[in-house]
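Descriptive analysis of the structure
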Amino acid sequence: MTLIPHTETDAAYVIRNAAAQGTRLALCGGNSRSGFGNPVEGTEAMSSRGLSGIVDYEPAEMVLTAKAGTPVAEIEAALGANRQMMAFEPMDHRGIMGTSGEPTIGGVFAANVSGPRRFVAGAARDSLLGIRFVNGQGQVIRAGGRVMKNVTGLDLVKLLAGSHGTLGFLTEVTFRVLPVPQSIETIVISGLDDATATRAMASALALPVEVSGAAHLPQTVKGRFAGGALPEGAATALRLEGLAASVSVRAEKLAAVMTAFGPVSRFDMDESLALWREIRDVHPYADGTQKPLWRVSVAPSLGHQLVAALRLEAGVDAFYDWQGGLIWMRMEADPEAELLRRYIKALGGGHATLVRASEQVRAVTTAFEPQSDAVAALSARVKQKLDPAGIFSPGKMAGAL
Amino acid sequence: MSEAIEFLPPRPAVLSRRSAIIADLADLLPAECVIHEARELVPFETDAFISYRRLPLAVVLPKTTAQAAAVMKYCHRYGIPVVPRGAGTSLSGGAIPQEDAIVLGLSKMSRILEVDYANRTATVQAGVTNLSISEAVGVDGFFYAPDPSSQLACTIGGNIGMNSGGAHCLKYGVTTNNLLGVKMVLVDGTVVDFGGKHLDSAGYDLLGLVCGSEGQLGIVTEATVRLIAKPEGARPVLFGFETSEEAGACVTDIIASGIIPVAIEFMDKPAIEICEAFAHAGYPLDVGALLIVEVEGSEAEMDATLAGIVEIARRHGVKTVRESQSATEAALIWKGRKSAFGATGRIADYICMDGTVPLGKLSYVLKKTSEITDSFGLRVANVFHAGDGNMHPLILFNANDPEDAARAEAAGNEILKLCVDAGGCLTGEHGVGIEKRDLMRHQYSDADLAQQMAVRSAFDEGWILNPSKVFPLDGRPAA
């Protein structure tokens, strides 16, 4: 059974009671990421989907406030009608997770979900201006506000973003939106190996052409994109967005430089929209399987080294977003968590999150990157201050978290 | 000068051990890193919020993270307050010490440790100045985006403490959006790393929490920041209007049209006159308000963007449109804007407000602001980041006249309340410090503040880090 409060007051009441009785709550939105995080025993599900609707949207101010359970689709439709968008390009997890729930805006921020534009436009947390949430004592707390610049007090907004429902129950979010670009074009360089592609992406980002997407799709996955229409060989994709006049000038410039790396082809706006949506939603691994799927974040120059090292010891398939710094990695059999995390550490740091795996694998694999003792202890103290009774999915993220 | 804002009473147990503490610090650090002679402490008694001063017990200037950690471990053990300090340019009193506090200054940690173009990051010690990063990477076509007006002097450590912004954050975001990682000394001397060259955090976003925490969660000693490829070109353009209302409405319409310039800066008549007299930037003097709008990119892109902006400005009756014709002219335009605070300081004492309001309320808040200052018999100059609604009314007064100073403070409080009531906040980029501390209840409920303070306690149970700042002195959790 899922608890579905229809008002913030009801939510606070339910949580106060749960805290008093020590009932563990698994907070969720539409459950499109069900099966994510460490399994937690004995929880009752509590969803924000009863708290739904856009509260305030001022297109002229580029700010939108919605109740946490509002479907992402509803938000996107409202924004689209005003030619605006969420710049952080939140992905839809349903394909890779094999779920069917309705993604909610609260869920997007609770999981800090971002897409290909993240490395220039920031993550979900960077667009989030203000929140209302219920803490573990059943108190309604407001943090942040509705203006872009705000350093008034501690930034609890960022703390709650990406806390996966372990610190508080989001009831309302206020975030910044941006105009939809007038024009989009994608430059694809073909046939590069992972190392050369990484160099090509780094040099593209050093040019004054404002690349807003940089992904490398090795030969093994390339055919799964754009209906198989990408040219022969691995595809390194670079996206340009903005005013039409400016995009075509920048595309010329970028293509001229990229030709030194390999053959260049250009894709127009509609093709670009489809391609980057597939990259965003990790289309090749929306494969209906439960093969372990990792989301790895490292320094962009190191991504291909990590994959090369792992390939020598494990069955791994991978592709790269964020200039090579975000690696989606599907393991053939074993999740190889220890090996993966050892290599990440050896290369200089980053983190690996197990996004999908069978129940048996999830039961014995830590989903989130383990932290240093000092940071883990500090995080536990922070959790204790928001959720003193430890009722919000304790252990979902690690130890007490 | 009136002293409306209280500090915590000094801890007697600390004051009474003053000489022992200084001797212990001298054991922990090299001799040149400990300052305790009264006359040498004077430069540390205040920051850019000069109305308040307190001589600290001592000042330490560690050269390494390990030395900073040793000081924290010691102060934690004995319950000695620690006030972190970058360059002391805080406009909200964030770096003002107190009699029982050790000032932990970062001026001896001012090296750029690594520039990594493949990953577009710079790793620097926290005492590095904001501008020196852009200077170091500029020849290679990169820059560090946040650009507070004090960027020549202010440090990255201080920028992180206050989550500083600047004129160009309309497009590129403020410090927190450009910060990838920090090395931080926790209150007990433990050294931790949050983030790194990769994006997003592994667990809770403690990096996001630390940024803007005003030195209350730990001492940041190193930072990894994001570098951005410099645009091909940038062109500031001056738009002169008859009235502030017209200029304000124009800003709202530019943003509403979907055009996002790199910067939209606003100056009213008093600000124009003050800055022009100082910088000779070529600002028109026959207008009531001025916008500096900067566009960037290729020539074609700048032309296209500007055409759209000019059209909107014409609808609002723009009187003067002047494009900079050369790099020198562009630099001069920005020099005038960035020297606004300094130039104002030459003609009067002033306090600078920092409230942010929703864009649709700009004109209303400008009008109300001058009504408020009029009612106190004070002059005001407005120069601010209009594109993101971050207002900076400069209230002019005479610091030698205690009554005038008290009036200025009272008018400032009224203006900040106005910003909050208009749907905005008390501070957009200067921080709460001591200046806005006692107004926090106007923006937050007791439960909101209690939650923030509880999280703060998770980092510093004994509240020794910058203790007189940010949170009202009454209603704090028992240490």
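Because the structure is predicted, anything quoted here is derived from the model rather than measured.

Thoughts on the overall build of chain A
Counting its secondary structure elements, chain A contains 15 helices and 18 strands. Along the first, second and third principal axes, the C-alpha atoms of chain A reach 65 × 50 × 35 Å. Taking all 401 residues of chain A together, the buried fraction comes to 63%. A separation of at least 24 residues holds for 73% of the contacts in chain A among residues at least 6 apart in sequence. Accessible surface for chain A amounts to roughly 13,900 Å². Of this, 51% is attributable to carbon and sulfur atoms. Of note, chain A has its 38 positive side-chain charges centred 5 Å away from the centre of its 39 negative side-chain charges.

Here we look at the side chain of B:Glu435
Residue and element names in this part refer to chain B. Within the secondary structure layout, Glu435 lies in the loop between α16 (402-421) and α17 (440-443). Reaching out from Glu435, the side chain makes a polar contact with the side chain of Lys436 at a distance of 2.9 Å. Residue contacts for Glu435: discarding those within four places in its chain leaves Ile5, Phe49, Leu91, Ser92, Cys352 and Met353.

Considerations on the sheet that holds strand β6 (residues 121-125) of chain B
Residues and elements named next belong to chain B. The sheet built from 5 strands is open, its strands ordered β5-β6-β10-β8-β9 with antiparallel pairing. The open sheet terminates on both sides in strands that have one partner only, identified here as β5 (112-116) and β9 (191-195). With strand direction ignored, the average angle separating the axes of adjacent strands in the sheet is 10°. Of the strands in this sheet, β8 (179-185), β9 and β10 (219-226) are in contact with helix α4 (residues 65-78), which crosses β8 at around 50°. On top of the sheet, helix α5 (residues 130-138) reaches β5, β6 and β10; it is set at about 45° to β5, its chief contact.

Concerning helix α13 (residues 327-338) of chain B
Residue and element names in this part refer to chain B. Compared with an ideal rise of 1.5 Å per residue, which puts 12 residues at 16 Å, α13 spans 16 Å between its outermost C-alpha atoms and is within 8% of the ideal. Of all the residues in α13, the buried ones are Ala330, Ile333, Trp334, Gly336 and Arg337. Taken down its axis, α13 places every buried residue within 155° of arc, on the same side. Exposed positions of α13 whose direction lies more than 90 degrees from the buried face are Ala327 and Thr328. On its buried face, α13 sits against β12 (233-241), β13 (263-268), α11 (269-279), β14 (289-297), α14 (340-347) and β17 (379-385).

Some remarks on the domain arrangement of chain A
All names here are of chain A. Assigned domains of chain A: these are domain 1 (2-179), domain 2 (183-280) and domain 3 (284-364). Once you take the C-alpha centre of each, domain 2 and domain 3 turn out to be 23 Å apart. The interface of domain 2 with domain 3 comprises 17 residues on the first partner and 15 residues on the second. Summing the contributions of domain 2 and of domain 3, the shared interface buries around 1,300 Å²; its carbon and sulfur component is 58%. The largest share of the area that domain 2 buries against domain 3 comes from Asp194, Thr198 and Arg224, three residues that together contribute 32% of it. If you look at where domain 2 meets domain 3, you find 1 salt bridge. With its nearest N and O atoms 3.8 Å apart, the salt bridge here joins Arg311 to Asp194. Put simply, domain 2 and domain 3 have 6 residue pairs in polar contact (both at pLDDT 80 or more) between them. Among the secondary structure elements, those contributing two or more residues to the side of domain 2 that touches domain 3 are α8 (194-205), β12 (211-217), α9 (219-222) and α11 (269-280). Looking at the side of domain 2 that touches domain 3 element by element, the count peaks at 6 residues for α8. Class assignment of the residues belonging to the side of domain 2 that touches domain 3 gives a composition of 12 nonpolar, 3 polar and 2 charged.

So, the interface of chain B and chain A
Between chain B and chain A, the contact holds 85 residues from the first and 73 residues from the second. Together chain B and chain A conceal approximately 6,300 Å² of surface at their shared face, both sides included; 58% is due to carbon and sulfur atoms. When the buried area of chain B at its contact with chain A is split by residue, B:Asp200, B:Tyr204 and B:Gln451 rank highest and sum to 13% of it. Our enumeration of links across chain B and chain A arrives at 10 salt bridges. For A:Arg125, the salt bridge goes to B:Asp205, with nearest N and O atoms at 2.8 Å. Elements with a minimum of two residues in the side of chain B that touches chain A: α7 (169-172), α8 (175-178), β9, α9 (206-210), α10 (244-256), α12 (299-315), α17 and α18 (446-459) of chain B. Here the side of chain B that touches chain A takes 10 residues from α18(B), the largest share from any one element. Considering only residue class, the side of chain B that touches chain A consists of 37 nonpolar, 32 polar and 16 charged.

Quick notes on the sheet that holds strand β2 (residues 24-28) of chain A
Strand pairing in a sheet relies on backbone hydrogen bonds. The paired strands run either parallel or antiparallel. Residue and element names in this part refer to chain A. The strand order β1-β3-β2 describes an open sheet built from 3 strands, whose pairing is parallel. Across the chains shown, the open sheet's two edge strands, defined by having one partner strand only, are β1 (2-3) and β2. As defined by bridge partners, β1 adjoins strand β3 (residues 43-47) across 2 bridges and the pair is classed as parallel. Bridge pairing links Thr2 to Ala45 in β3.

What to know about the packing of helix α12 (residues 303-311) of chain A against helix α13 (residues 337-347) of chain A
All names here are of chain A. Their axes nearest at 10 Å, the elements α12 and α13 cross at an angle of 140°. Comparing their axes, α13 and α12 come out oblique. Between α12 and α13 lies a crossing whose hand is right-handed. Touching Gln305, Leu306, Ala309 and Leu310 of α12 are Leu339, Leu340, Tyr343, Ile344 and Leu347, all from α13. By residue class, the composition of the contact of α12 with α13 is 8 nonpolar, 1 polar and no charged.

Observations regarding α8(A)
All names here are of chain A. Taking 1.5 Å per residue as the helical rise, α8 with its 12 residues ought to reach 16 Å, and the 17 Å between its terminal C-alpha atoms agrees with that figure. The buried fraction of α8 amounts to 9 of the 12 residues, a majority that puts the element mostly inside the structure. Taken residue by residue, α8 has Asp194, Thr196, Ala197, Thr198, Ala200, Met201, Ala202, Ala204 and Leu205 as its buried positions.

With respect to the domain arrangement of chain B
Residue and element names in this part refer to chain B. Domains assigned within chain B are domain 1 (12-105), domain 2 (112-229), domain 3 (233-340) and domain 4 (348-437). Taking only C-alpha atoms, the centre of domain 3 and the centre of domain 4 are 22 Å apart. Each side of the interface is counted separately: domain 3 has 17 residues, and domain 4 has 15 residues. Between domain 3 and domain 4, a total of about 1,300 Å² is buried, with carbon and sulfur atoms accounting for 64% of that surface. Where domain 3 touches domain 4, the interface holds 0 salt bridges. Inspection of the region where domain 3 meets domain 4 yields 7 residue pairs in polar contact (both at pLDDT 80 or more). Broken down by secondary-structure element, the contributors of at least two residues to the side of domain 3 that touches domain 4 are α10, β13 and α11.

Focus: the packing of aromatic side chains
Aromatic ring pairs: the centre-centre distance and the angle between the two ring planes describe each pair. Going through the model one piece at a time under the given rule, you end up with 13 aromatic pairs over all chains. Each ring, one from A:Phe225 and one from A:Phe319, has its centre 5.6 Å from the other, and the planes form 80°; the classification is edge-to-face. You can see A:Phe225 sitting in the loop between α9 and β13 (235-242) and its partner A:Phe319 sitting in strand β16 (residues 316-321), a full 94 residues away along the chain. A relative accessible area of 0% means that A:Phe225 is categorised as buried. Residue A:Phe319 is classed as buried on the basis of its relative accessible area, which comes to 0%. An aromatic cluster of at least three residues, connected via ring pairs, comprises A:Phe88, A:Phe109 and A:Phe175. The aromatic ring of B:Phe7 is capped on one face by B:Arg54, whose charged end is 4.2 Å from the ring centroid.

Conventions adopted
Residues numbered from 1 in each chain as written. Chains lettered and ligands numbered in written order. Predicted model: local features only at pLDDT ≥ 70, side-chain atom pairs only at ≥ 80, totals over all residues. Heavy atoms only, no water. Helix = DSSP H or I, 4+ residues; strand = E, 2+ residues; numbered from the N terminus. Buried < 20%, exposed > 50% of the residue type's maximum accessible area, 1.4 Å probe, protein only. Contact = heavy atoms within 4.5 Å. Areas by Shrake-Rupley, 256 points an atom, 1.4 Å probe, with all protein chains shown as cover. Lys, Arg positive; Asp, Glu negative; His and termini not counted. Charge placed at Lys NZ, Arg CZ, Asp CG, Glu CD. Polar contact = N/O pair within 3.5 Å; in protein donor to acceptor, adjacent residues only side chain to side chain. Pairing = 2+ DSSP bridges. Axes fitted to C-alpha atoms, helices over the stretch in contact; angles between N-to-C directions. Expected span 1.5 Å × (residues − 1). Arc of directions from axis to C-beta. Domains from an automatic or database assignment. Buried area = accessible area lost by both parts, 1.4 Å probe. Salt bridge = Lys/Arg side-chain N within 4 Å of Asp/Glu carboxyl O. Nonpolar A, V, L, I, M, F, W, Y, C, P; charged D, E, K, R; others polar. Parallel < 35°, antiparallel > 145°, perpendicular 65-115°, else oblique. Left-handed = near helix turned anticlockwise from the far one by under 90°. Phe/Tyr/Trp six-rings, centres within 6.5 Å; stacked < 30°, edge-to-face > 60°. Lys NZ or Arg CZ within 6 Å of the ring centre and 35° of its normal.

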